[in-house]
Amino acid sequence: MLRDLYPTDNICGYDVRPGYYDSEGAMPVRGGVNFTISSFYATSCTLLLFHPGENEPYARIPFPDSYRVGNTYAIIVFGLEVNKFEYAYSFDGPHDPKKGLIFDKSRIILDPYAKAVTGQSEWGKHQQEKVYKARVVFNDWDWGNFKTPSIPLEELIIYELHVRGFTRHESSGVEHPGTFAAIREKIPYLKELGINAVELMPIFEFDECGADRHYEGEQLYDYWGYNTVCFFAPNTSYEADHEHHREGTELKELIRDLKTNGIEVILDVVFNHTAEGNEMGPFFSFKGIDNNIYYMLTPDGKYYNFSGCGNVLNCNHPIVRDFIKSCLRYWVTEYKVDGFRFDLASILGRNEDGTPMDQPPLLKSLAFDPILRSTKLIAEAWDAGGLYQVGSFPNWNRWAEWNGKYRDDLRRFLKGDGGLAWAAAHRLTSSKDLYDPSYRGACASVNFLTCHDGFTLYDLYSYNQKHNLRNGWNNTDGADDNNSWNCGFEGETNDPNINALRVKLIKNAFATLMCSRGAALFLSGDEFCNTQFGNNNPYCQDNIISWLDWSRKEKYSDVFEFFKYMIAFRKRFHVITKNRRECTCTLPPESIHSAQPWKTDFNGESRMVAVMYAGAAGDDPARDEIVYFGINAHWESCDVELPGLPTGYVWKLYVDTGKNADKVICEHSNILLHDRRIKMQGRSVIALVAEKLW
């Protein structure tokens, strides 16, 4: 029950009283605003108030000792109108850099719990003086009795996109390019494509101008957004409507409309490092609050760099652990987010000295947190310090992983490399060699062949080497182990045979992804052959290299239609994604085959692998649902014998990428294989379904 609060003191001309100690951040209260912040080692804290747009405070209000409980400062300042001020803090405390203590009361410190950061709403605008301040946000959005789609992880078809790059190009045809509002405009497109989840690359507040670099006169940006400035605030440059003090409304509208249309929302979150960098980096947040708590430091006070970005968050310190959990809870409760993909998640399992932990407290607490119980937790199970945990990430039967081995093994197999048949078979069937269902549950693998890191699917079959010169690092950045193949020519070509082969391989790859067990993820634009012109690390490119060129949707309309078809195919035949009720026949729910049914004597030259899924049909338990998917990665044709079927069933061909482009989708051609034999063309895939004749 709300009660009227009254001032108890007057400080620097402002009526004040002790505030709420259990509510970090700033929030409106009756008659004023409550400010709460904590520091373990600070000796004093001062609230700074600014007129909007100014960098010098008009008021400095020190917290009296009596306004501090433990290490938490809380004050209510009466008479403040939230639309007439911005705020920050300054802290004083010991200065001993070798111990990681670097307090500096002259520094303006951003509230880590701020719900909006000032000066960031206009993309690409350089601030003369880099000062981050916060705004108080009205939290009056009402979700009502909103229901989430609650799609099982194994049924997810995840579409990874960059908010700005998705619609920034003029060909997108939206009213507000590069914004949350523009994605709302594209929801009908997403529904037509058929995906049921979007994974948004970082949308926490970041400063795209944080690294002021140029290459040959062209501005380079922190375009991807992996250097977080504030974890509780959405990136305001992604908003079309810059209504101050209601930041986040546009994102909530987007999430509401996506989920109303059956599309879940997963956020790519970066808790492994921040935008403050190393000793030479900026000083605006955690460095000024508790540097030696929030960051992982060497014995002499320097910054560890397992992230490759200058610093590492000290994730398993109790204070940092609570901060991360509070942040995730906030996005789940206030924004109704369905899941998180944790960038370089192996860092989240490192101890305070940098060593990997067997049962990291942070990961365990997130796995068992009651508010996050239904939230999808997906780890990028490696870091830049050499820790690679694909298949062994601490999980408690809750954590799923980006399956990097799926990407690597199947990229190699699909382009024809030898000795990978068994690896391909494992990857097709949920990688049980990595994820034992007894310990990892029905689905722990998020399968992908492309993502923001690396080549697009089109570039995967157009380039043998990366072409990253425009990033400004002399082509030394980005991965060199791309497992790509240019089909005989590097880059764009007018050769119709090469172009046809590239399209064929793209279809092979996507069909493989859709017919593999495990959640499926692909990069936005792959469905119409979007290209990054061979750049496999365009983190700094705010231009056509990173933007989707929607005109390619018409040019590659057959690829787009194939993607739509294969997504619908995966949804239609439920045995692909998970073991269902047993068949009425004796077929196992999942089986591996070579060119001969039931034979798996693969050797170094084996390049034909198939999987068959079988179970009772969902709409008719008396009818069996049986799907066969085969890959011939060899450049020569292959005679294939299909497994026998129960009496009354016959194999019907649905997909054959070995056929001419206009006949690849052949479901309606009614091709029935009574003799159970088919000649697979070189570098092709097939999908068949058991048709019940009587």
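All of these numbers come straight from a predicted model, not from anything done at the bench. (Residues numbered from 1 in each chain as written. Predicted model: local features only at pLDDT ≥ 70, side-chain atom pairs only at ≥ 80, totals over all residues. Heavy atoms only, no water.)

What follows is about the side chain of Arg213. When you line up the elements, Arg213 lands in strand 15 (residues 213-215). One buried charged residue, Arg213, remains without a salt bridge, the closest side chain of opposite sign being Asp477 at 7.1 Å. A polar side-chain atom of Arg213 sits 3.0 Å from the main-chain carbonyl oxygen of Asn471. Other than its neighbours up to four places away in sequence, Arg213 contacts Glu218, Gln219, Leu220, Asn471, Gly472, Trp473, Tyr539 and Cys540. (Helix = DSSP H or I, 4+ residues; strand = E, 2+ residues; numbered from the N terminus. Buried < 20%, exposed > 50% of the residue type's maximum accessible area, 1.4 Å probe, protein only. Lys, Arg positive; Asp, Glu negative; His and termini not counted. Salt bridge = Lys/Arg side-chain N within 4 Å of Asp/Glu carboxyl O. Polar contact = N/O pair within 3.5 Å; in protein donor to acceptor, adjacent residues only side chain to side chain. Contact = heavy atoms within 4.5 Å.)

Turning our attention to helix 8 (residues 404-414). Of all 11 residues in helix 8, eight are buried; the element is thus mostly enclosed. Gly404, Tyr406, Arg407, Asp409, Leu410, Arg411, Phe413 and Leu414 are the residues of helix 8 that are buried. Its side-chain oxygen placed 3.2 Å from the backbone nitrogen of Lys405, Asn403 serves as the N-cap of helix 8. Gly416, located one to two residues past helix 8, shows a positive phi value of around 105 degrees.

For sheets, the rule is that strands pair by backbone hydrogen bonds, running either parallel or antiparallel. With respect to topology, three strands assemble into an open sheet ordered 6-5-9, the strand pairing being antiparallel. Every interior strand has two partners, whereas the edge strands, strand 6 (59-62) and strand 9 (86-92), have only one. In this sheet, adjacent strand axes meet at a mean angle of 25 degrees when their direction is disregarded. As judged from the seven bridges shared by strand 5 (residues 44-50) and strand 9, these two strands associate in the antiparallel manner. Looking across to strand 9, one finds that Cys45 is bridged to Phe91. (Pairing = 2+ DSSP bridges. Axes fitted to C-alpha atoms, helices over the stretch in contact; angles between N-to-C directions.)

Here Ser171 is to be found in the loop between helix 1 (163-167) and helix 2 (180-185). You can call Ser171 partly exposed: its relative accessible area is 27%. C-alpha separation for the pair Ser171 and Asp417, spaced 246 residues apart in sequence, amounts to 38 Å. Side chain to side chain, Ser171 and His169 meet in a polar contact 2.6 Å long.

According to the stated counting rule, one finds 60 aromatic pairs in the structure shown. Seen from their ring centres, Phe528 and Trp550 are 5.3 Å apart, and the 45 degrees between their planes marks the pair as tilted. Of the two residues, Phe528 is situated in the loop between strand 23 (519-523) and helix 13 (552-555) and Trp550 in the loop between strand 23 and helix 13; the sequence distance between them amounts to 22 residues. A cation over an aromatic ring shows up here: Lys115 above the ring of Tyr330, its NZ or CZ 5.4 Å from the ring centre. Lying across the ring of Tyr335, Lys252 places its NZ or CZ 4.9 Å from the centre. (Phe/Tyr/Trp six-rings, centres within 6.5 Å; stacked < 30°, edge-to-face > 60°. Lys NZ or Arg CZ within 6 Å of the ring centre and 35° of its normal.)

Turning to the nonpolar core, a few remarks are in order. Of all hydrophobic cores here, the largest spans 199 residues; its most connected members are Phe35, Tyr87, Trp331, Phe342 and Phe569. With sequence-adjacent residues up to four places away left out, Trp331 is seen in contact with Ile203, Phe204, Phe231, Phe232, Ala233, Pro234, Leu251, Leu267, Lys336, Val337 and Phe340. With 23 residues, the next largest nonpolar core counts Leu587, Leu645, Tyr649 and Leu688 among its residues. (Core = buried A, V, L, I, M, F, W, Y, C linked by side-chain atoms within 4.5 Å.)

To continue, consider the environment of Ser445. Note on placement: Ser445 falls in strand 22 (residues 445-448). Ser445 sits 401 residues away from Ser44 along the chain, and the two C-alpha atoms are 48 Å apart. Apart from the residues within four sequence positions on either side, Ser445 is in contact with Glu401, Asn403, Ser430, Tyr435, Gly518 and Ala519. Of the polar contacts made by the side chain of Ser445, one reaches the side chain of Asn403; its length is 3.0 Å.

Residue position: Thr375 is located in the loop between helix 7 (361-368) and strand 20 (376-379). With sequence-adjacent residues up to four places away left out, Thr375 is seen in contact with Val332, Asp338, Gly339, Phe340 and Arg398.

Side-chain alternation along strand 6 places Ala59 and Ile61 on a buried face and Arg60 and Pro62 on a face that remains uncovered. When strand 5 meets strand 6, the two strands line up antiparallel, connected through four bridges. Across the sheet, Leu49 pairs through a bridge with Ala59, a residue of strand 6.

The next thing to look at is the sheet that holds strand 28 (residues 649-656). Across the sheet, which stays open at both edges, the six strands sit in the order 24-25-26-31-28-29 with antiparallel pairing between neighbours. Lying at the two open borders of the sheet, with one neighbouring strand each, are strand 24 (590-593) and strand 29 (672-673). Examined bridge by bridge, strand 28 and strand 29 share two bridges and lie antiparallel to one another. Considered in strand 29, the bridge of Trp651 is made with Leu673.

Another point: the state of the cysteines. Applying the stated criterion across every chain yields a total of zero disulfides. With no disulfide partner, Cys12 has as its closest neighbouring cysteine sulfur the one in Cys45, 13 Å distant. Taking relative accessible area as the criterion, Cys12 reaches 54% and is therefore assigned exposed. Here Cys309 is not cross-linked by a disulfide; its sulfur's nearest cysteine counterpart is in Cys540, at 13 Å. (Disulfide = S-S within 2.5 Å.)

Between its first and last C-alpha atoms helix 6 (residues 318-335) spans 25 Å; for 18 residues at 1.5 Å apiece the expected length is 26 Å, and the two agree. Along helix 6, the residues that are buried comprise Val320, Arg321, Phe323, Ile324, Cys327, Leu328, Tyr330, Trp331, Val332 and Tyr335. Two residues or fewer after helix 6 comes Lys336, characterised by a positive phi angle close to 60 degrees. (Expected span 1.5 Å × (residues − 1).)

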